[in-house]
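Results of the structural survey
One letter stands for each residue in the lines below.
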Amino acid sequence: MDWINTLNIPDGPYKEHLKELLKPQKDASFHIHEAHLSREDFVLGPPMCLEDTHVSQELILRHVQYAPSLLEDLREEFYSQLEQFLKTKGIPDLENSNLPKINAFGGRLSKLADMVILHVIRVGSLGLRYSSHMHILPDTQAWNLPWFHVVLKDQQPFINGAIIIPDTDENRPFDPYAHLSVEDAKTIAPSILEKLEAACNSSSSPAVFMFYPPTGDGETIIDDFAEPGFKYTVPKADSHNIPTPTSTSTSFLSCDWPASFWAKYLDQREVPKGMTTGPTSSRFSKTVYVPGPQTNPSEEYTPLVPHFVQHAWNIAAERDATFLLVSCGTKERIGIRHRATNTLFLSDVIRPDDEDYIITQVAFYSAFTRDFVARELPPKLSIKRKRPEHDLLENPRLPLPQAKTDKSTDKIFNKEFSSRPIVLLTFDMKNHRSIAPSTFLREQAFSAPVPTCTPFTLQQEGRTCSVTECVYIQVQKYLADGREGIVYKGTATLHLESGMTVRKNVVVKVPKPQYVRHLEHEYDKYWKLAAAGVSEGLLKVYGLFKDVEFGTTILVMQDGGVTLERREQRRLGLKETPNQFRISDEEYAVLRRTVLAINKAGIIHKDIKPNNILIDDDGQPYIIDFGHAEVWKYSRFAPEKYSPDPPWSEIDSKRREIVEASISDLPDGIRSYDLQVIEDIYIGRYWFNRRYPGRW
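Notes on the structure in this doc start here. Everything numeric in this text was worked out from a predicted model, so none of it was measured.

Let us look at the overall build of the protein chain. Scanning the protein chain for helices and strands turns up 16 helices and 24 strands. Counting only residues that meet the buried cut, the protein chain has 53% of its 696 residues in that class. Taking as baseline every contact in the protein chain between residues at least 6 positions apart, the subset at least 24 positions apart corresponds to 76%.

What follows covers the sheet that holds strand E5 (residues 160–165). Here seven strands make up an open sheet; going across it, the order is E2-E10-E9-E8-E6-E5-E4 and the pairing mixed. Pairing within the sheet leaves two strands with one partner each, and these edge strands are strand E2 (63–66) and strand E4 (148–151). Taking the axes of each pair of neighbouring strands and ignoring which way they run, one obtains an average angle of 25° across the sheet. In the packing of helix H4 (residues 114–135) onto the sheet, the strands contacted are E4, E5, strand E6 (207–211), strand E8 (323–327) and strand E9 (332–338), and the crossing angle to E4 comes to about 160°.

Counted at 1.5 Å a residue, the expected span for helix H6 (residues 190–202) with its 13 residues is 18 Å, and the 18 Å between its end C-alpha atoms agrees. All buried positions along H6 are accounted for by Ile192, Lys195, Leu196, Ala199 and Cys200. All buried residues of H6 fall inside an arc of 135° around its axis, so they share one side. In H6, the exposed positions angled more than 90 degrees off the buried face are occupied by Pro190 and Asn201. In the core, the buried residues of H6 are packed alongside H4 and helix H9 (357–374). One or two residues past the end of H6 sits serine 203, with phi positive at roughly 60°.

Here the focus is the pattern of salt bridges. Scanning the entire structure with this criterion turns up 31 salt bridges. A salt bridge links glutamate 587 to arginine 567, with the shortest nitrogen-to-oxygen separation between them at 2.8 Å. Here glutamate 587 is found in helix H14 (residues 585–600), whereas its partner arginine 567 is found in helix H13 (residues 564–572), with 20 residues between them in sequence. Among the salt bridges present, the one from glutamate 630 reaches lysine 606, with a minimum N-O distance of 3.2 Å. Taken together, the residues glutamate 630 in strand E24 (residues 630–631) and lysine 606 in the loop between strand E21 (603–604) and strand E22 (613–615) connect sequence positions 24 residues apart.

Moving on: the packing of helix H3 (residues 70–89) against H4. The geometry of H3 relative to H4 is characterised by a closest axis approach of 11 Å and an angle of 55° between their N-to-C directions. In this view, H3 runs oblique relative to H4, as classed from their interaxial angle. The element H3 and its partner H4 pack so that their crossing is left-handed. Residues Phe78, Gln81, Leu82 and Phe85 of H3 lie in contact with H4, whose contacting residues are Tyr130, His133, Met134 and His135.

Overall, the coordinates contain 28 aromatic pairs when judged by the stated rule. Ring geometry for tyrosine 212 versus phenylalanine 308: centroids 5.5 Å apart, planes at 85°, classification edge-to-face. In this pair, tyrosine 212 sits in the loop between E6 and helix H7 (216–224) while phenylalanine 308 sits in helix H8 (residues 305–318), placing the two residues 96 residues apart along the sequence. Ring centres of phenylalanine 364 and tyrosine 365 lie 5.5 Å apart, and the angle between their planes is 85°; this geometry places the pair in the edge-to-face category. Of the two residues, phenylalanine 364 and tyrosine 365, both sit in the buried class. Through a chain of ring-to-ring contacts, the aromatic side chains of Phe209, Trp257, Phe261, Trp262, Tyr265, Phe323, Phe345, Phe364, Tyr365 and Phe368 assemble into a single cluster. Over the aromatic face of tryptophan 313 sits the side chain of arginine 337, whose NZ or CZ is 5.6 Å from the ring centroid.

Conventions and cut-offs
Residues numbered from 1 in each chain as written. Predicted model: local features only at pLDDT ≥ 70, side-chain atom pairs only at ≥ 80, totals over all residues. Heavy atoms only, no water. Helix = DSSP H or I, 4+ residues; strand = E, 2+ residues; numbered from the N terminus. Buried < 20%, exposed > 50% of the residue type's maximum accessible area, 1.4 Å probe, protein only. Contact = heavy atoms within 4.5 Å. Pairing = 2+ DSSP bridges. Axes fitted to C-alpha atoms, helices over the stretch in contact; angles between N-to-C directions. Expected span 1.5 Å × (residues − 1). Arc of directions from axis to C-beta. Salt bridge = Lys/Arg side-chain N within 4 Å of Asp/Glu carboxyl O. Parallel < 35°, antiparallel > 145°, perpendicular 65-115°, else oblique. Left-handed = near helix turned anticlockwise from the far one by under 90°. Phe/Tyr/Trp six-rings, centres within 6.5 Å; stacked < 30°, edge-to-face > 60°. Lys NZ or Arg CZ within 6 Å of the ring centre and 35° of its normal.

Treat this as a map of the structure, not an account of what it does.
Below is the structure:
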């Protein structure tokens, strides 16, 4: 605490308050409650997701550099900033109810998600309040927060991540008055308001937090995070025949803060020359190399620390964050991302019981806030990067981007896809532009009565195969990102023996590791329905595939268009979910026949809702997502239980008469809850809170 005496703060209440606030905490380390040690989220597993090996070359981590003076430099910077602030703005009023105070702290975890919460209690709230007051709201007495910690959704087991964002409501534009008084919000400099709004719109963050469990494996990861010799992992398959990416991102144009204290670390090593700044051009080849498996699936996973480093860096790059905190609750490191050289500077290990732990954390928050305020916004892009003309000339066999699908080739496409054992998958979206494809081998067949493929024997060292054994899929868009996994939209390209190609839009479902069984369960239900001859209103499933290098499982399906919810949002001009949904008589008839056929085949969907109904460009509706579906074990459905009409109901009397007449045609007038939901949507009484018996 000697540094406090160097700030020329007069003796008195604030000086004592500051000493009390920043003094070391006892028993500050996190620990797992004994009853929860075996929880799945505390068990070590591979950290990288599918996207982690497909980051654009402009953003790939190239150097991990240990910076021994980083922590001391961080604290010295904060001392200087605090002294200048107190000198110009005066001593804070201790009577202010929002003045940061000491929080009671207990570090016991019952689940991995507690890591972010406990960090906020321990130091996060204190750090945000001081950094916001000093650098965003210096002209007020407010210690309020213009931004918040938000837990990342796309989590892997053993990892709990968080970011800092200005606003948590995605259905509303950035509003500085949402959490601040009008008087306080008006004091924020226009340039800072612009940056807060840009961060809100782009979901960028000044810092990223990666938490691992407080176990021996967690400590090993933190200890070895700064090990020299880091090498970035990319897929080993040939890059032949993959389309040249066409997407762009302003993240490539984001700049570093020239006046930062960490700029001096660059002087300590040689800046690399000849760094690649764009994707390489692909060439056509009749054969491609397919890599062999990397590990024995039966072996217990041991932590590959470079993969944890790569995953953390990728999230920081995706969020355009400069700062990174990696922590297992007992040990931590602070990282700084240097964009121009794609270098990660890493500090010494920090321990929560260190004497200067609290001040180091407050200095960390102050530094990333100051960096956020000081850095220039990246320029806005008005047009997309066009595919190079030379690429079209040199690669005439590669399909043109945005080409329309010819439906006359559907039968050829389905037959060819069903006979091919290999999927080569690349990305072309946001910060992901692949330089090589991930290799997936077929695990399960096409769920339709078409010829199945011959088995493909994979060799440990890899092997060469014909391009006509492969399906090339280029992922181009997120469709959904939920609790159980991510859904992408992309384009599948098949090279034929004739030299021609056929293309079709497809959907790729990627489960989180703990939900692979759910995806396999969904595939099983599609297979049972196909075997029962149910086809109307159901999407074609092209197969279940598994990554030979990293073990990721994917389900490839027909693209069924937009969800009913999204269609209604567009029709009504809404960002939020509407209360009611409109479907035509023809759409209702198809959906009703589909549900009756599903139920007749012995399957209950159990999750019919507007997000699980798709409508394609031709107006054909589909029912999707059989992850919760069950085989019906009983001879008849339970009678409908009374449920009141929601207050926003706009019931169409003629449609209700049609539904009531159709009910009389069913045995005993009793139908499944699947069918009841379709009827509710049709007549105008759908209620999003209505749940299936036994589901919630």
